[in-house]
Amino acid sequence: MTDLAPAKHWWTAQELADANLPDLPSTQQSVERWVKRVNLRANPGLARRRTGRGGGWEYHWSALPLAARKALLAEVSAPVGAGAVSRGQAWEWFEGLPETVQAKARHRLACVQGVEALEFQLGRDLAVREVAKLKGVSPRTLWNWLGLVEGVRPDDRLPHLAPKHRAVERKVIRSEFDEEFFDWIASDYLRLERPSFSSCYRRAERAARKEGWAIAPERTMRRYLDARVSQPSQVLARMGIDALKRMYPPQRRDKTALHALEVVNADYHRFDVFVAWPGSDTPVRPQMVAFQDVYSGRVLAWRLALTANADDVLLAAGDMIEDWGIPEHVLLDNGREFAVKAVTGRSETRNRFKSLEADIPGLFTGLGCEIHWATPYAGQSKPIERAFRDMCDNIAKDPRFAGAWTGNRPDAQPENYASQAVRFETFLKVVAEGIEEHNLRQGRRSEVAWGRSFAEVFAESYEKAPIRKATEAQRRLWLMGAKGLTVNKVNAKITFLGNEYWSPWLHEHAGKRMVVRFDPADLHAGVHVYSFDNRYLGAADCLMKGGFLSLESAREHNRARKAWMRAEREALKQYRKLSALELGRALDATAPGDPVPLPEAKVVKLVQPKVPRLPAPEPVAPEVLAEQQAIVADLAARRAPKPAEETPKERFHRALELERSVEAGGAITAEQAQWLRGYQKTPEYRAERGMWAQFGETYFG
């Protein structure tokens, strides 16, 4: 027997009709007729008058037909002991059990269902015996299983038949040990040195014996630590922030909505290969800057260098733009070689170096590219890192580099470490072949490749995508380095890296700051000069060659000069043993007494200034005077008339015509667009536009 019962015990005739229970009528009048037919009101325990407003009769649920009672109990589960759990909790616990335990529960359920199937023909006792013999269990065990599911919904029996020793997780009884003992273990264990738990436990035992703390076994304390401190917290404490970042699943970005050259990303990669670099006495590990198309994965351009520097970034970007076009978005590494002003100057999101009003626009800023910065120390944010990992295997371990491979970690150096250095020409050839093979390799499995190569994916999209091409003026942005310089006030020459550059037209800009763009590989070829608002002014030839054939040579000269100056300063300190303050104090101590009064003059002589007499001008002959007047008149006639100054109304009319041309889809020059943007920000423009808006075209007369 069980005390299982529905939540509502007493029902009125209307409520029974509305409940639509099986074997009961669905209208109040029919329910009333059923009550009279079975004479239900004659039994005081099953029928009673309602108390309160309305009156009437109500009936106990146990007086209803069997099918109706089963329907009322369908939503009720029998409690499991004193600590009853809900249906959701029971099934949640069951799903957390191992498969072997769930299989035992399913076996028990099959036995119970077998007993119920034979019970109507054989009776429960004989059915239990037959099923027990068939399933290989004892009848007593089968009776216990039947007791576990008594009064339980048929679809909720499985959790109740699972072995009960798995129902409750093992919990550490907090009264077994002192909190100070746990604090000692946790503080010792949660360190970046990553000591073992056993060693931390032994040290805590020694402290507990001294302090008199109550302790628990090592396995108990380990379970308690895992229950108190989450796994991510343990990883953060023992392995650092980078290990914690790796526990968070990386973001997967969809590339299917992009097209070729819409987004490119760039970074530097150091090869694990020793190379005999030209001009270097010792083998070096070269670095490569590469630009990659994010949509297809193709490497678009690359350059080799000894160290990461902005010059090679500009040259590689120039190769990419020259061969393929101007990208819309550029994802760059956060290093200084990409954040220099020559590359990303005046970018709003650039946080390196101090931003000044006098900064010149960088290459990508001047080309209208939107710049994005990768998260520092997060290789997953740069797709090109996947290509570099591929090159570490296909290029760095090429058979032609045997003996020059350095290993990818200090503790992974091969036995033939540094046994040879690859010739630079060989290294350059293998790198070029490896990158070409990387682009043409079939079987790529990205969401846009589908077994094709990166080059095929790029070519298919490149033919359909809107690509911006660079003009001849834009090519000077990457083929030349850039630096703000001042034109000499006297001779109008520009001095830069030991060379002097000059052109006659520079006199018009004497004393002004200019932007100089030059070829870093050949400083003697001259420079291109721009105004500080980025207008091209002209070229200036190299007037005096300082002997520097490249920018790298100039850097070597500057480093040598600075070293020499430091040595001279150190040598000077050996001789300058007294400071200026000490010298001044010594002079104060040796100063003479009161000064001797000067003699006063008794006689003053008045000096009369002599005014020189100018000779009288010679008379000019009349014919000479007439000839001079004719020359002056001829010069006045030839002089170009001074253009009339443009009025505010005329300037606004010119700006209005440019605006209308742009709205109609017409083309205006870069100088006109620049003038229009600057004029639109002036108070004069706003005032004139207000007058034009009020009077219309009649405002211009």
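Rules of the game
The residue count restarts for each chain, going from 1 along the sequence in the order it is written. The predicted origin of the model limits local features to residues at a pLDDT of at least 70 and limits the giving and counting of side-chain atom pairs to 80 or more, whereas totals for whole chains, interfaces and linings rest on all residues. No hydrogens and no water enter the side-chain calculation; it runs on all heavy atoms of the structure. We count a stretch as a helix when DSSP gives it H or I for four or more residues in a row; a strand needs E for two or more, and each element gets its number in order from the N terminus. Relative accessibility thresholds used throughout: buried, under 20% of the residue-type maximum; exposed, over 50%; partly exposed, between the two (1.4 Å probe, protein chains only). Per-residue accessibility takes into account occlusion by the displayed protein chains alone, with areas from the Shrake-Rupley method and a 1.4 Å probe. Working definition of a nonpolar core: buried Ala, Val, Leu, Ile, Met, Phe, Trp, Tyr and Cys residues. They are joined through side-chain atoms within 4.5 Å. The rule for pairing is simple: two strands pair if DSSP sees at least two bridges between them. Note on definitions: a residue-residue contact is assigned when non-hydrogen atoms from the two residues lie within 4.5 Å. Two N or O atoms count as a polar contact when they lie within 3.5 Å, although within protein this holds only if one can serve as hydrogen donor and the other as acceptor, and sequence-adjacent residues are included solely when both atoms are side-chain atoms. Regarding the arc, it is the one traced by the directions from the helix axis to the C-beta atoms. Stacked, edge-to-face and tilted are the three classes for Phe, Tyr and Trp ring pairs, Trp counted by its six-membered ring, which pair at centre distances within 6.5 Å; planes under 30 degrees apart are stacked, over 60 edge-to-face, the rest tilted. Any Lys NZ or Arg CZ that is within 6 Å of a ring centre and within 35 degrees of that ring's normal is treated as a charge sitting over the ring. Any Lys or Arg side-chain nitrogen found within 4 Å of a carboxyl oxygen on Asp or Glu counts as a salt bridge. Axis definition: a line fit to C-alpha positions, over the contact stretch in the case of helices; interaxial angles, taken between N-to-C directions, run 0 to 180 degrees. Any angle that is under 35 degrees is reported as roughly parallel, and any over 145 degrees as roughly antiparallel; angles of 65 to 115 degrees are reported as roughly perpendicular and all others as oblique. Crossings are classed by handedness, with left-handed meaning an anticlockwise turn of the near helix from the far one by less than a right angle and right-handed meaning a clockwise turn.

1. Observations regarding the overall build of the protein chain
Line of reasoning, step 1. Along the backbone of the protein chain there are 27 helices and 16 strands.
Line of reasoning, step 2. Looking at the 701 residues of the protein chain, the share that counts as buried comes to 35%.
Line of reasoning, step 3. For the protein chain, the accessible surface area stands at approximately 44600 Å², while carbon and sulfur atoms represent 54% of it.

2. Examining the nonpolar core
Line of reasoning, step 1. Membership of the largest hydrophobic core comes to 33 residues, with the highest contact counts inside it found for Phe291, Met320, Leu332, Phe338 and Phe364.
Line of reasoning, step 2. Here this core takes 7 residues from helix H14 (residues 310-323), the largest share from any one element.
Line of reasoning, step 3. Counting 23 residues, the second-largest nonpolar core is a separate cluster that includes Val273, Ile384, Ala404 and Val430.

3. Side note on the pairing of strand S7 (residues 299-305)
Line of reasoning, step 1. With respect to burial, S7 is a largely interior element, 5 of its 7 residues being buried.
Line of reasoning, step 2. Of the strand pairs in this sheet, strand S6 (residues 287-293) and S7 are connected by 6 bridges, and their pairing is antiparallel. Residue pairing for S7: Gln292 is matched across the bridge by Val299.
Line of reasoning, step 3. Taken together, S6 and the strand that follows it, S7, pair antiparallel across an intervening segment of 5 residues, in which Gly297 is found at a positive phi of about 90°.

4. Section: the environment of Val430
Line of reasoning, step 1. Looking at the element boundaries, Val430 is found in helix H19 (residues 424-440).
Line of reasoning, step 2. Sequence separation between Val430 and Asp398 is 32 residues; the distance between their C-alpha atoms is 8.0 Å.
Line of reasoning, step 3. The residues contacting Val430, other than those within four sequence positions of it, are Ile395, Asp398, Arg400 and Phe401.

5. Digging into the side chain of Ser503
Line of reasoning, step 1. With respect to the secondary-structure elements, Ser503 resides in the loop between strand S13 (499-502) and strand S14 (513-518).
Line of reasoning, step 2. Overall, the relative accessible area of 10% leaves Ser503 in the buried class.
Line of reasoning, step 3. A polar side-chain atom of Ser503 sits 2.8 Å from a polar atom in the side chain of Trp505.
Line of reasoning, step 4. If sequence neighbours within four positions are ignored, Ser503 has contacts with Ala539 and Ala540.

6. Examining helix H9 (residues 179-189)
Line of reasoning, step 1. Residues of H9 that are buried include every one of Phe181, Phe182, Ile185, Ala186, Asp188 and Tyr189, and no others. Down the axis of H9, the sector holding all buried residues measures 170°, keeping them to one side.
Line of reasoning, step 2. On its buried face, H9 is in contact with helix H10 (197-211), helix H11 (218-228) and helix H12 (231-239).

7. Focus on the environment of Ala540
Line of reasoning, step 1. When you line up the elements, Ala540 lands in strand S16 (residues 536-544).
Line of reasoning, step 2. On the accessibility criterion, Ala540 (1% relative accessible area) is buried.
Line of reasoning, step 3. Taking the C-alpha atoms as reference, Ala540 lies 6.3 Å from His528; in sequence the two are 12 residues apart.
Line of reasoning, step 4. Discounting residues that sit within four places of it in the chain, Ala540 has contacts with Tyr501, Trp502, Ser503, Leu506, Gly526, Val527 and Val529.

8. What about the pairing of strand S9 (residues 370-373)?
Line of reasoning, step 1. Only one face of S9 is buried: it carries Ile371 and Trp373, and the other face, with Glu370 and His372, is open.
Line of reasoning, step 2. Here strand S8 (residues 329-332) pairs with S9 via 4 bridges, running parallel. The residue bridging His329 from the neighbouring strand is Glu370, located in S9.

9. Some points on the packing of aromatic side chains
Line of reasoning, step 1. Applying the stated rule across the entire model yields 18 aromatic pairs.
Line of reasoning, step 2. Taken together, a centroid distance of 5.3 Å and an interplanar angle of 25° make the contact between Phe458 and Tyr462 stacked. Here Phe458 pairs with Tyr462, and both are found in helix H20 (residues 454-462), just 4 residues apart, close to one helical turn.
Line of reasoning, step 3. Relative accessible area serves as the criterion here: at 1%, Phe458 is assigned to the buried category.
Line of reasoning, step 4. Among the aromatic side chains, those forming a connected cluster through ring pairs are Phe652, Trp675, Tyr679, Tyr685 and Trp692.
Line of reasoning, step 5. The ring centre of Trp10 lies 4.0 Å from the NZ or CZ of Arg48, which sits over that ring.
Line of reasoning, step 6. Positioned over the ring face of Tyr189 is Arg238, at 4.0 Å from the centre of the ring.

10. Overview of the pattern of salt bridges
Line of reasoning, step 1. Enumeration over the complete set of coordinates arrives at 27 salt bridges.
Line of reasoning, step 2. Of the charged contacts in the structure, one is a salt bridge between Asp155 and Arg153, with a shortest N-O distance of 2.8 Å.
Line of reasoning, step 3. Residue classification places Asp155 among the partly exposed residues on the basis of a relative accessible area of 42%.
Line of reasoning, step 4. Judged by its relative accessible area of 14%, Arg153 is buried.

11. Details of the sheet that holds strand S3 (residues 57-60)
Line of reasoning, step 1. Strand order in the open sheet formed by 3 strands is S1-S3-S2, with antiparallel pairing between adjacent strands. Of all strands in the sheet, those bounded by a partner on one side alone are strand S1 (10-12) and strand S2 (47-49). In this sheet, adjacent strand axes meet at a mean angle of 35° when their direction is disregarded.

12. A few points about unusual backbone geometry
Line of reasoning, step 1. A positive phi angle is found at Asp23, which is not glycine, with a value near 65°.
Line of reasoning, step 2. Note on placement: Asp23 falls in the loop between helix H1 (13-19) and helix H2 (28-37).
Line of reasoning, step 3. With relative accessibility at 58%, the residue Asp23 sits in the exposed group.
Line of reasoning, step 4. If you check the backbone angles, Leu261 has positive phi at about 65° while not being a glycine.
Line of reasoning, step 5. Assignment of secondary structure puts Leu261 in the loop between helix H13 (241-247) and strand S4 (263-270).
Line of reasoning, step 6. The class for Leu261 is buried, based on a relative accessible area of 1%.

13. Regarding the packing of helix H5 (residues 99-122) against helix H6 (residues 124-135)
Line of reasoning, step 1. The geometry of H5 relative to H6 is characterised by a closest axis approach of 8 Å and an angle of 140° between their N-to-C directions. The orientation of H5 with respect to H6, classified from their angle, is oblique. Judged by the twist between their axes, the crossing of H5 over H6 is right-handed. In contact with His107, Ala110, Cys111, Gly114, Val115, Leu118, Glu119 and Leu122 of H5, H6 contributes Arg124, Leu126, Ala127, Val128, Glu130, Val131 and Lys135.

Functional significance is not addressed by these values, which are geometric in nature.
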